[in-house]
Amino acid sequence: MGYAKNDILTVKIEDMGNDGEGIGKTDGYTLFVKDAVIGDTVGCRITKAKKNYAYARLERILEPSRVRVEPRCRFHRQCGGCQIQAMDYKAQLAFKQNKVKNNLIRIGGFEADYVEKVMEPMVGMEDCFHYRNKAQFPIGEDKQGNLAAGFYAGRTHDIIANTDCVLGVEENKEILECILNYMKNYHVPAYNEQTGKGLVRHVLIRKGVASGEIMVCLVLNGNGNKKGDFLPEQDRLISGLKKVQGMTSISVSINAERTNVIMGKEVHGIWGKDGITDTIHMVETKNFTRTGQGISYFISPLSFYQVNPVQTEKLYSLVSEYAGLSGRETVWDVYCGIGTISLFLAGAAKQVYGVEAVPQAISDARENAARNGIGNAEFFVGRAEEILPEKYEKEGVYAEVIVVDPPRKGCDAKVIAAMLRMRPERIVYVSCDSATLARDLKMLCDGGYEVSRIRGVDQFCHTVHVETVVLIQRKDT
């Protein structure tokens, strides 16, 4: 039986896809239903029909799943940022555990029994709301022409006005309302993507959860004031933002390009410090109890820094546990960013080397090492596939342990080749995408390594994303 767009069907959701969509079948025809939860029986409307499957929109919940819960955010379906907020949190963790496991089996080619043996329980959160220390809010107009800050509706650039995201810090609302009021009072136009006109494009907010320090960076479509300031009546905005408790840094980023990239390359401070600080502590990895003073990091508007500090402490402590350092090892931290993992490991290593292609990140990493009095961490600017062979083959720098924390696309094939030539005893792979992780693990295992431990960390509650830590050991050690 063939189906067409706008057909309404009833289906029982038996599974969930990688993007959080419910999966069910009717008469052998597969339906992918956005916002449906495994166990639901739903009425859905087909939005795109293919020969053997279709995409559909949830119309009615006929019989709710036992794991369905009432979402805390009323915008969760329109926004698309929290794809699985309607699912009980324990069920979310099980979904993510299965996502990692299935990718390892399907893409990595690992045997199911082997994956079950080496996988450890998912690390969840006690409080899975208001955990994000960073948010980027587009500024524009809603469908009624009113000035708005919020998030884009799923798969669109239509702004949903929401200054109080349940995942963000509570100060976001006060900051955004201050900026919107300033823009209304002084007739500062929001950026319009269609025309390329207007001034304020986005607002970046970051909070150091340990320090309490707050950073605000307004992304501007050029310089909006001929007097020399970046904004009309700039002091009025600064005066309002300074009243927010913890406000430490106010800056602007200039981005006049017609692009989806949010931040511009130019950043100018207009009040306070150039950034904020935050601290990541070591925790006991069995019960995740915080210990010690931790490592302090300086974070600029362009710095990469994990968005969930509570889970980051657990994540990095797992990395340390998997690395198994005794104080005698040389460690390479590949894709090191601002040195978060490098400096976290330095106290237990003989020497740590970090490599990152972004010069500003390496500058921050060196500053962070000095800030914490760490003398056994050295950082290099460049591509890892060039730096690793140069240091190993030309200068004889060997590493017992390599840590990799690549972007979503995974490791460059040349980086994997370089690691295989260096042949460290252990590789600790930190991944934000279990599909590219599975692909890379297959190459490493084909090169003489074996996976001995895997554990997911829920860095991104209520979304489909999951961070994974893997210990890979050389077979002949």
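Computed from a predicted model, the values in this text were never measured in an experiment.

## What about the overall build of the protein chain?
Now for step 1: A tally of helices and strands in the protein chain yields 11 helices and 22 strands.
Now for step 2: Counting only C-alpha atoms and orienting by the principal axes, one finds that the protein chain spans roughly 70 × 65 × 40 Å.
Now for step 3: Within the protein chain, the fraction of its 477 residues that count as buried is 56%.
Now for step 4: Across the protein chain, the fraction of contacts at a sequence separation of at least 24, relative to all contacts at a separation of at least 6, is 63%.
Now for step 5: Counting every atom, the protein chain has about 21800 Å² of accessible surface; 47% of that belongs to carbon and sulfur.

## Concerning the packing of helix α10 (residues 413–422) against helix α11 (residues 434–446)
Now for step 1: Where α10 meets α11, the axes come as close as 10 Å, and the angle between the chain directions of the two elements is 30 degrees. Accordingly, the angle class assigned to the pair α10 and α11 is roughly parallel. Crossing of α10 against α11: the hand is right-handed. Each of Ile416, Met419 and Leu420 in α10 lies in contact with α11, whose residues at this interface are Asp440, Met443 and Leu444.
Now for step 2: A breakdown of the residues in the contact of α10 with α11 according to their chemical character gives 5 nonpolar, no polar and 1 charged.

## Re the nonpolar core
Now for step 1: Formed by 89 residues in total, the largest nonpolar core has its most connected members in Leu218 and Trp332.
Now for step 2: Counting residues per element, this core draws most heavily on helix α4 (residues 171–185), at 7 residues.
Now for step 3: Discounting chain neighbours no more than four positions away, the residues touching Trp332 are Tyr353, Val355, Phe380, Ile387, Leu388, Lys391, Val397, Ala399, Val401, Ile402, Val403 and Met422.

## Remarks on the sheet that holds strand β10 (residues 200–207)
Hydrogen bonds between backbone groups are what pair the strands of a sheet, and the pairing can be parallel or antiparallel.
Now for step 1: Sheet architecture is open: 7 strands sit in the order β9-β8-β7-β10-β11-β12-β13, paired in mixed fashion. At either margin of the open sheet sits one strand with a lone partner, and together these are β9 (159–161) and β13 (266–272). Strand-to-strand twist in this sheet, taken as the mean axis angle between neighbours without regard to direction, amounts to 35 degrees.
Now for step 2: Sheet strands in contact with α4 are β7 (134–141), β8 (147–152), β10, β11 (214–220) and β12 (247–254), and its direction is about 150 degrees off that of β10.

## Brief notes about the pairing of strand β3 (residues 29–34)
Now for step 1: Bridging between strand β2 (residues 22–26) and β3 involves 5 bridges; their strand directions are antiparallel. Among the inter-strand pairings, Lys25 is bridged to a residue of β3, identified as Thr30.
Now for step 2: In this antiparallel pair of consecutive strands, β2 and β3, the connection spans 2 residues, and Asp27 shows a positive phi of 55 degrees.

## Structural notes on the packing of aromatic side chains
Now for step 1: Taken as a whole, this structure holds 12 aromatic pairs when the rule is applied.
Now for step 2: A centroid spacing of 5.0 Å and a plane angle of 45 degrees characterise the contact between Phe137 and Phe151, whose relative ring orientation is tilted. Residue Phe137 is found in strand β7, and its partner Phe151 is found in strand β8; the two are separated by 14 residues along the sequence. Take Phe137 and Phe151: they sit in the same class, and that class is buried.

## Quick word on the pairing of β10
Regular strands have side chains that alternate between both faces of the sheet.
Now for step 1: Along β10, 8 of the 8 residues are buried, which leaves the element largely enclosed by surrounding structure.
Now for step 2: Pairing geometry for β7 and β10, over 5 bridges, is antiparallel. Across the sheet, the residue bridging to Ala135 is Ile205, located in β10.

## Thoughts on the packing of α4 against helix α5 (residues 234–241)
Two quantities define a packed helix pair, namely the angle between the helix axes and the distance between the axes.
Now for step 1: Two elements in contact, α4 and α5, have axes whose closest approach is 10 Å; the angle formed by their N-to-C orientations is 155 degrees. Judged by the angle between their axes, α4 and α5 are roughly antiparallel. Of the two elements, α4 crosses α5, and the hand of that crossing is right-handed. Residues Ile175, Cys178, Ile179 and Tyr182 of α4 lie in contact with α5, whose contacting residues are Leu237, Gly240 and Leu241.
Now for step 2: Classifying every residue of the contact of α4 with α5 by side-chain character gives 6 nonpolar, 1 polar and no charged.

## Re the sheet that holds strand β4 (residues 41–49)
Now for step 1: Around the barrel, 5 strands lie side by side as β1-β2-β3-β5-β4; this closed barrel has mixed pairing. When strand polarity is set aside, the average angle formed by the axes of neighbouring strands in this sheet is 50 degrees.

## With respect to the pattern of salt bridges
Now for step 1: The full count for this structure, using the stated rule, is 22 salt bridges.
Now for step 2: In this structure, the salt-bridge partner of Glu177 is Lys173, at a minimum N-O distance of 2.8 Å. One end of the pair, Glu177, and the other, Lys173, are both in helix α4, 4 residues apart, so they sit about a helical turn from each other.
Now for step 3: Among the residues examined, Glu177 registers a relative accessible area of 32% and is labelled partly exposed.
Now for step 4: You can call Lys173 partly exposed: its relative accessible area is 32%.
Now for step 5: As a salt-bridge pair, Glu385 and Arg383 come within 2.5 Å of each other at their nearest N and O atoms.
Now for step 6: Taken together, the shared-partner salt bridges connect Lys34, Asp35 and Arg77 into one network.

The rules behind the values
- Residues numbered from 1 in each chain as written.
- Predicted model: local features only at pLDDT ≥ 70, side-chain atom pairs only at ≥ 80, totals over all residues.
- Heavy atoms only, no water.
- Helix = DSSP H or I, 4+ residues; strand = E, 2+ residues; numbered from the N terminus.
- Buried < 20%, exposed > 50% of the residue type's maximum accessible area, 1.4 Å probe, protein only.
- Contact = heavy atoms within 4.5 Å.
- Areas by Shrake-Rupley, 256 points an atom, 1.4 Å probe, with all protein chains shown as cover.
- Axes fitted to C-alpha atoms, helices over the stretch in contact; angles between N-to-C directions.
- Parallel < 35°, antiparallel > 145°, perpendicular 65-115°, else oblique.
- Left-handed = near helix turned anticlockwise from the far one by under 90°.
- Nonpolar A, V, L, I, M, F, W, Y, C, P; charged D, E, K, R; others polar.
- Core = buried A, V, L, I, M, F, W, Y, C linked by side-chain atoms within 4.5 Å.
- Pairing = 2+ DSSP bridges.
- Phe/Tyr/Trp six-rings, centres within 6.5 Å; stacked < 30°, edge-to-face > 60°.
- Salt bridge = Lys/Arg side-chain N within 4 Å of Asp/Glu carboxyl O.

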